[in-house]
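Structure at a glance
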Amino acid sequence: MDSLERLESKKNNAGRDGAIGQFDLSDDVAYRAWRTKKRQSYPARFEDLVVKITNPGAPTASEMEAILSRCQTYNMAIYATRPDASKLEVLKMVRNFGLKNLDSPRLTNDDDGITELEVIEGGRRRAYIPYSNLPLSWHTDGYYNAPTGQVRSFLLHCVRPAKHGGISKLLDPEIAYIRLRDEDPAIIAALMAANAMTIPANREDGILIRPDESGPVFSVVAERLHMRYTHRRKNVIWKDDKVTAHARTRLRAILEVGDDYVFSGFLQPGQGLLCNNVLHARSGFEDYTTQNTRRLIYRARYLERVREPTELEF
Ligand SMILES: [Fe+2]
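Structure report, in brief. (Residues numbered from 1 in each chain as written. Predicted model: local features only at pLDDT ≥ 70, side-chain atom pairs only at ≥ 80, totals over all residues. Heavy atoms only, no water.)

1. Examining unusual backbone geometry
A cis amide bond, omega 0°, links Y42 with the succeeding residue P43. Looking at the secondary structure, you find P43 in the loop between α2 (28-39) and β1 (50-52). For N235, which is not glycine, the phi dihedral falls at a positive 60°. Mapping N235 onto the fold places it in the loop between β13 (224-227) and β14 (237-238). What makes N235 exposed here is its relative accessible area of 52%. You will see that N277, though not glycine, has its phi angle at about 45°, which is positive. Within the secondary structure, N277 sits in the loop between β16 (271-275) and β17 (279-282). The class of N277 is buried, set by a relative accessible area of 1%. (Helix = DSSP H or I, 4+ residues; strand = E, 2+ residues; numbered from the N terminus. Buried < 20%, exposed > 50% of the residue type's maximum accessible area, 1.4 Å probe, protein only.)

2. Things to note about the side chain of E63
Its location among the elements puts E63 in helix α3 (residues 61-74). With near-sequence residues (within four places) excluded, E63 lies in contact with V51, K52, I53 and T54. (Contact = heavy atoms within 4.5 Å.)

3. Re the layout of surface pockets
Estimated volume of the second largest pocket: approximately 420 Å³. Lining the second largest pocket are 21 residues, and of these W34, K37, Q72, T73 and E174 lie nearest its centre. Broken down by secondary-structure element, the contributors of at least two residues to the lining of the second largest pocket are α2 and α3. By residue class, the composition of the lining of the second largest pocket is seven nonpolar, six polar and eight charged. (1 Å grid on protein atoms, 1.4 Å probe; cavity = no way out; pocket = protein on both sides within 12 Å on 5 of 7 lines; lining within 4 Å. Points joined across faces, edges and corners; volume = space filled by probe spheres on them. Nonpolar A, V, L, I, M, F, W, Y, C, P; charged D, E, K, R; others polar.)

Without other data, these values stay purely geometric and don't point to any function.
This is the structure:
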């Protein structure tokens with residue numbers, strides 16, 4: 001059997017999640033080679049993720065390459081463009097990075113698909129933590145989405161930062177995967193179970209807004225790792241067995257104790273995080289009090305990953 005046949009055979013034998021190569025738990029050689037390469041890019045600092053984009057409406061080839069290579073290496077990049085960049089310019093810019101199909105948000109202010117995150121004093125949105133100044137615990141976006149509508153990437157663009165606080169922590173899910181697999185591959189197997197984590201239905205005033213959504217924490221989609229996670233203890237039902245409980249405890253420990261490879265910092269006006277839905281948390285913050293000075297972040301979620309550098313067309 002030649003190498004191509006072996007690859008085809010592996011693909012055919014891959015499980016429901018299509019785990020091949022480094023994400024195949026029975027392929028330790030591929031895993032170790034990938035892990036070694038992955039770790040060569042660390043340690044890295046928050047500042048190392050930042051790429052200047054002079055004109056958001058038309059990023060240059062080298063600016064594009066710098067963003068895409070960081071997304072390939074760390075699953076995230078931070079662009080720094082003009083503080084007065086418009087929403088339209090930001091949306092246009094991210095289309096260059098392959099992000100086109102928006103996850104349809106329920107709470108969009110406008111119909112352009114971008115959610116404006118700011119502290120809301122009243123109304124329905126007040127009940128959601130992203131619209132308050134409270135800390136946000138570790139999660140990936142859209143963990144409550146249906147399997148067919150998973151958020152593969154998202155954008156957070158800072159228009160105005162908070163007065164104090166609002167520090168983001170970011171962790172590449174591939175690093176979390178490596179930590180857990182190195183500890184015990186059974187942890188990964190448990191977190192890849194189709195019913196590892198269930199988010200109960202969401203009802204408001206007795207009306208069903210979203211049904212129960214059950215799925216794995218780690219899955220492999222088109223040969224790329226995808227993670228679906230919330231650190232919240234409420235409104236989450238974990239698969240009720242010992243191995244899942246252990247896996248969950250170990251994942252919590254990584255996030256709570258802190259990992260050397262967590263990026264920590266905050267976005268300045270005109271800066272934006274572009275990522276393949278990495279694990280993220282945010283500290284609470286003190287805000288300014290007037291409408292035009294309060295913290296304002298644009299958020300957009302997409303159904304596809306940031307494109308690979310090799311997909312660039314110049
Ligand atoms: Fe989030």
